[in-house]
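# A look at the structure
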Amino acid sequence: MSEDGSAFLELDGITKKFGSFTAVRDISLKIREGEFFTLVGPSGSGKTTMIRMLVGMERPTGGEMRLQGKVLNDVPANKRPTCMVFQSLALFPHKSVGENIEFSLKIAGVDPIRRRRRAEELLAQLRLPVEYYDKGVNQCSGGERQRIALARALAFDPQILFFDEPLSALDFRLRKTLEKELKDIHKETGKTFVYITHSLEEAMVMSDRIAIMRDGGIVQVGSPQEIYNRPVNKFVAQFMGEVNTIAVEKASARTVRATADGSTFQVPGMPAGFETGFLIIRPEVMKIGKAAEKLKNKVKGVVFNDYALGSRIQYQVRSDARDEHWLVERLQDDPYEGHVDDKVTIGWQPADSILVSE
Amino acid sequence: MSASQSSRTTRSLIVIWTVTVIAFLYIPMVAVALASFSKQRYFRFPISRWTTEWYTKTFESLSVRDLLWTSLSVAALVTVFSVLLAFFGALAFARYDWKGRKLYQRLVLLPIFFPQAVLGLALLLWFSVLDVTTSWQTAVFAHMIWIVPIVILIMSIQVYSFDPALEEAAFDLGATRWQVLREVTLPILSPGIISGGTFAFLLSWGNFPLSLFTTGADQTVPEWLYAKMVSGYTPMVPTLGTLTMSGAAILILVIYLVWMALGARRRARMATNDE
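Residues numbered from 1 in each chain as written. Chains lettered and ligands numbered in written order. Predicted model: local features only at pLDDT ≥ 70, side-chain atom pairs only at ≥ 80, totals over all residues. Heavy atoms only, no water.

### A word on the packing of helix H7 (residues 164-172) of chain B against helix H8 (residues 177-205) of chain B
Residue and element names in this part refer to chain B.
- Between H7 and H8, the least distance of the axes is 9 Å, while the angle of their chain directions is 145°. The two elements H7 and H8 cross, and the hand of that crossing is right-handed. In this structure, H7 uses Leu166, Glu167, Ala170 and Phe171 to contact H8, whose residues at the interface are Arg177, Val180, Val184, Thr185 and Ile188.
- Residue composition of the contact of H7 with H8, grouped by class: 6 nonpolar, 1 polar and 2 charged. (Axes fitted to C-alpha atoms, helices over the stretch in contact; angles between N-to-C directions. Helix = DSSP H or I, 4+ residues; strand = E, 2+ residues; numbered from the N terminus. Left-handed = near helix turned anticlockwise from the far one by under 90°. Contact = heavy atoms within 4.5 Å. Nonpolar A, V, L, I, M, F, W, Y, C, P; charged D, E, K, R; others polar.)

Have a look at this one:
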C-alpha cells in the first residue's frame, strides 16, 4: 500500500452512496504535504461529493480517510483542521470584509486587536488595500471577493485548503489572472491545496498533480505533463481539448489499421495485448501540405474549413480514414498557404501519436 | 411632440389614480378621527362644535386602561410565541428539504383560510369540553392558530433567499451549531423576523372574531369597540379607535426608524453595487 510514506492526506477505498446511486466509488489517493492537488471531472463525476466528504459536509458510506494518520471519517467539519473556499464563496453579506476574514479567529476567541492585525496582514498578502477592512463584501468586485474568501480561509490556518471551483463564475481574463495568483499564494504559504474543477486547462496551470474523475471513480492520476503526454484512455485525451481520435485495430507489431478505411499507420509502440482501440494525435503536432509529404503517417484529404485561433490557424480536413474531420493546427508564419476545398496531405510523426485501448 | 403629450397625459392619469386610491383608503379613517373631536353625542357632518373632552375621558377611564392592558398582553405574548414558533417553522418550510415538506407547507397554511369566527367558536367548544376557563390567556392560544401560519409565510420569503452555503462556511470555519445560528443565520434572517413580529403584533392587536369567542370575561379593545357600537354608543369609540390606529402607526414608524438607525451601516454594506 505505502509505496510513498509521505502521504499527508490518505484516502482508502472512499465510497459514497445516496440510496441506490453511487456518487463516489472506491477512491484511493495519497496527497502529499504542500502539494497542489486537483480533482478534475465533468459534472456528475462525483468530484463535488468527494470534496464535501473531505471537508466534512458529507460522510462516506465506505472506506477511510486519514490526515497524518488520524482517521477523519467521523470528525465534523467544525472540528477538522481543514477549510474550504466555496463555489459561491459564501462570504457573510452582513459582515464587513474585515469581519469576514477574522471570522474563524473570533470563533476561536482571539482578542479583537490581534484579530484585526491578522486580517490586515492577510489583506496585504492578497494585495487588497488595508482600507477594505471596513468595506462591505457586496461592494467589492468579483476578483476582490475571491481574494477575501481566500483570506478568510487562510486566517483559519488550515492544514489543508480545499477549493470548490471558486473561479468558475468569472470571466476568462480574470480567471487566468487569479489562477496564477492562487499558484503564487500556494508557493508563499507552502500549504496543501486540494482543488476541484471541471476544467483540465485550469488544473494544468496550477497543479502539481491531477486526478481525473469519471462516474465516481478515478481514471488517471499524474503530473500535468504525464496527463498531457500519456493519457490512459480516450476520455482523458478528449478531456484535454480537441484531439484527433481514430478507431484502430492491431495490424502488425508496429502498425495499426483504421477501422473506417483500412489505411495503416505506424505507432510508437504496441501495448501488450492490444487488439482494438484509438490512435490519438493532437492538432498541434499534425503537419499539412509540403511539411506532411515526408512523414511516415499521412492521409490525403480535402480542406473543409479554416479558423483563425490567434497565434495559430486550425484547418478541418475531410478524409476516408475517419468519420469526423481531422483537426490540423499550424502557426501563423508556417509556409503552408491553404484554402478551403484544396486537396492536401496531412501527416504526423509516429512518436507524436498515442495509442490507447479504450 | 405627440410622444411628450402622451407622456404628460400618462403622468396626470397616474396622479389622479394615486390620489383616488389614497382618498379611498383614508377618508373612512379621517371621518372616524373627526368624529372623536365632535361635541355632539352622535356624529353629524359638518361638525359645529369641537372638543377634546373625549380624549380626556378616554385617558382617565379605568376600563379603557384595562382594555389596553389586556390587548397589549395578548398581542405581546402572541408576538413572542409566534416569532419563536414561526422561525423554526419557516426553516422547515423553506430551508431544509425533507420528506413530507410539501404536505407540511400545505397543512401549515390551511388555518389562514379557515373563517375566523368559526375557528373561534370551535375553540370555545373545545375549551368547554376540556374544562378550560376562557380568559385572555386562551385568546393568546386562539390568535396563534391563525397568526403563526402568516408569520411563517412572511419569514419564509427571507429564508428562501438564504444561501445554505453561508451556514456551511461558518461551520467549516470552526463555529458550533449555536455560533452558526447567532453569527450567521439570525442576523441574515433578522429583517424577516422583525417584519414577522410586527405583523404578529398588529394582527393580534386588531383581531376581533377570535377574541370575541375566546377571551371569556376579559375584553380586548376591538371587542369593546364592537360592544359599544352595538349598544351604548359613546364618542369614546371613535376616540379609542383613532388612538389605537395612531399607536399602531407610531409603532411601525418606531420599528422602522430603529431598524434604519441600527442597520444603516450594515445595509450600506449589503447593498450590492453594480461593478
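### Describing the interface of chain B and chain A
- With 25 residues of chain B in contact, the opposing surface of chain A contributes 31 residues.
- Summed over both partners, the interface of chain B with chain A buries about 2,500 Å², with 59% contributed by carbon and sulfur atoms.
- For the pair chain B and chain A, the interface holds 3 salt bridges.
- Glu183(B) is the salt-bridge partner of Lys106(A), the closest N and O atoms lying 3.0 Å from each other.
- Summed over the shared surface of chain B and chain A, the result is 7 residue pairs in polar contact (both at pLDDT 80 or more).
- Those elements that place two or more of their residues in the side of chain B that touches chain A are H7, H8 and helix H11 (236-270) of chain B.
- The element that contributes the greatest number of residues to the side of chain B that touches chain A is H7(B), accounting for 7 residues.
- By residue class, the composition of the side of chain B that touches chain A is 13 nonpolar, 5 polar and 7 charged. (Buried area = accessible area lost by both parts, 1.4 Å probe. Salt bridge = Lys/Arg side-chain N within 4 Å of Asp/Glu carboxyl O. Polar contact = N/O pair within 3.5 Å; in protein donor to acceptor, adjacent residues only side chain to side chain.)

### Observations concerning the environment of Gly136(A)
All names here are of chain A.
- Positionally, glycine 136 belongs in the loop between helix H4 (112-125) and helix H5 (142-155).
- The class of glycine 136 is buried, set by a relative accessible area of 0%.
- Residues glycine 136 and aspartate 341 lie 205 residues apart in sequence; the distance between their C-alpha atoms is 59 Å. (Buried < 20%, exposed > 50% of the residue type's maximum accessible area, 1.4 Å probe, protein only.)

### Here's the deal with unusual backbone geometry
- At Gln68(A), a position not held by glycine, the phi torsion is positive, near 50°.
- Along the chain, the position of Gln68(A) falls in the loop between strand S4 (62-67) and strand S5 (70-71).

### Focus on the side chain of Ser71(B)
- Here Ser71(B) shows up in helix H3 (residues 62-95).
- If near-sequence neighbours (up to four positions away) are discounted, Ser71(B) is found in contact with Trp205(B), Thr220(B), Val221(B) and Pro222(B).

### Describing the state of the cysteines
Residue and element names in this part refer to chain A.
- Under the counting rule described, the total for this entry stands at 0 disulfides over all chains.
- Between cysteine 83, a cysteine without a disulfide, and cysteine 140, which holds the nearest cysteine sulfur, the sulfur-to-sulfur distance is 19 Å.
- The class of cysteine 83 is buried, set by a relative accessible area of 1%. (Disulfide = S-S within 2.5 Å.)

### Things to note about the nonpolar core
- Leu11(A), Met50(A), Ile101(A) and Leu150(A) are the most contacted members of the largest nonpolar core, which has 107 residues in total.
- Looking at this core, the element that brings in the most residues is helix H6 (residues 136-160) of chain B, giving 12 residues.
- Within the second largest apolar cluster, 24 residues are counted, among which are Ile246(A), Ile288(A), Ile313(A) and Val317(A). (Core = buried A, V, L, I, M, F, W, Y, C linked by side-chain atoms within 4.5 Å.)

### Considerations on H4(A)
Residues and elements named next belong to chain A.
- Taking 1.5 Å per residue as the helical rise, H4 with its 14 residues ought to reach 20 Å, and the 20 Å between its terminal C-alpha atoms agrees with that figure.
- Regarding H4, the residues found buried are Arg115, Ala119, Leu122 and Leu123. The buried residues of H4 occupy an angular sector of 105° when projected down its axis, which confines them to one face.
- For H4, the secondary structure elements touched by its buried residues are helix H2 (97-101), helix H3 (103-107) and H5.
- Positive backbone phi, at 55°, marks arginine 127, one or two positions downstream of H4. (Expected span 1.5 Å × (residues − 1). Arc of directions from axis to C-beta.)

### Overview of the domain arrangement of chain A
- For chain A, the assigned domains read domain 1 (7-230) and domain 2 (242-356).
- Using only C-alpha atoms to locate each centre, domain 1 of chain A and domain 2 of chain A end up separated by 40 Å. (Domains from an automatic or database assignment.)

### Digging into the pairing of strand S19 (residues 343-348) of chain A
Residues and elements named next belong to chain A.
- Counting buried residues along S19, 5 of its 6 residues qualify, which places the element largely inside the surrounding structure.
- The sheet contact formed by strand S15 (residues 287-288) and S19 spans 2 bridges and is antiparallel. Paired with lysine 287 across the two strands is glycine 347, which belongs to S19.
- Of the pairings in the sheet, the one linking strand S16 (residues 297-308) to S19 comprises 6 bridges and is antiparallel in character. The partner of asparagine 297 across the bridge, within S19, is tryptophan 348. (Pairing = 2+ DSSP bridges.)

### Some thoughts on the sheet that holds S4(A)
All names here are of chain A.
- The 4 strands lie next to each other as S2-S1-S4-S5, forming an open sheet whose pairing is antiparallel. If you trace the sheet from one side to the other, it starts and ends with strand S2 (21-32) and S5, each paired once.
- Set on the sheet, helix H1 (residues 47-55) makes contact with strand S1 (7-18), S2 and S4; between it and S1 the angle comes to about 120°.

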